[in-house]
Structure formats: C-alpha cells, structure tokens
Amino acid sequence: MPNCKNCQSEQVSKNGFVCNKQRYLCKSCVYNFVSGDVRAKPETAVIRTFAVILYSVRKASYQLIAKLFDVSPSTVQR
C-alpha cells in the first residue's frame with residue numbers, strides 16, 4: 001500500500017473508489033487520497049517555465065501568457 005501523501009505514514013487503509021481509482025484513508029491524520037492522482041498535465045510545467053522566462057526578460061505580456069495557457073489575463077496576474 002502507498003504511504004500517506006500528507007504525513008508519509010504507513011498506516012493506510014482502503015476507503016472505496018472514486019472515478020474508478022482506489023481511494024485510501026490515512027489512520028494517522030485522517031486524510032483521504034487517491035494513489036497515482038495526476039491532475040496536472042506534464043507538459044504544463046514546460047509551458048509555465050517558458051512563460052516565466054519570457055515575462056522575466058520583458059518579452060511577454062500578461063495577455064500573451066494568458067493566450068498560451070488559455071486563461072484570462074487576470075488569472076495570470078494573480
């Protein structure tokens with residue numbers, strides 16, 4: 001069984017299914033988690049790094065970065 005994602009404890013038990021994935025419950029900190037839960041796309045990290053570099057050298061505006069991520073410029077600003 002996997003270790004707890006919150007406290008790294010080994011006292012974990014199965015706790016049903018969510019979205020056809022096994023859910024676990026930590027007995028130490030009462031934290032529910034899914035093993036192998038990947039919500040972010042791996043290629044997003046590369047785009048995010050590129051956007052930060054462009055913005056830091058003053059070559060990209062919030063508007064351009066917003067278009068790269070398909071979000072609003074106010075989200076980029078936050």
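Attention here is on the structure that accompanies the text.

About the cut-offs
- Residues numbered from 1 in each chain as written.
- Predicted model: local features only at pLDDT ≥ 70, side-chain atom pairs only at ≥ 80, totals over all residues.
- Heavy atoms only, no water.
- Helix = DSSP H or I, 4+ residues; strand = E, 2+ residues; numbered from the N terminus.
- Rg over C-alpha atoms; globule rule 2.2 N^0.38 Å.
- Buried < 20%, exposed > 50% of the residue type's maximum accessible area, 1.4 Å probe, protein only.
- Areas by Shrake-Rupley, 256 points an atom, 1.4 Å probe, with all protein chains shown as cover.
- Lys, Arg positive; Asp, Glu negative; His and termini not counted.
- Charge placed at Lys NZ, Arg CZ, Asp CG, Glu CD.
- Pairing = 2+ DSSP bridges.

1. What to know about the overall build of the protein chain
If you tally the helices and strands in the protein chain, you get three helices and three strands. Mapped in sequence order, the helices and strands of the protein chain form the string β-β-β-α-α-α. What you see for the protein chain is a C-alpha radius of gyration of 19 Å, clearly larger than the 12 Å of a compact globule of 78 residues, by over 25%. Along the three orthogonal principal directions, the C-alpha set of the protein chain runs to about 50 × 25 × 20 Å. Looking at the protein chain as a whole, 18% of its 78 residues are labelled buried. Approximately 6200 Å² of the protein chain is accessible, and the part contributed by carbon and sulfur atoms is 53%. On the protein chain, the mean spot of the 12 positive side-chain charges and the mean spot of the 4 negative ones are 5 Å from each other.

2. A short note on the pairing of strand 2 (residues 21-26)
Note: strand 1 (residues 12-18) against strand 2, five bridges, orientation antiparallel. For Ser 13, the partnering residue across the bridge sits in strand 2 and is Leu 25. Counting the residues that bridge the hairpin from strand 1 to strand 2 gives two residues, and of these Cys 19 lies at a positive phi of roughly 55°. When strand 2 meets strand 3 (residues 32-34), the two strands line up antiparallel, connected through three bridges.

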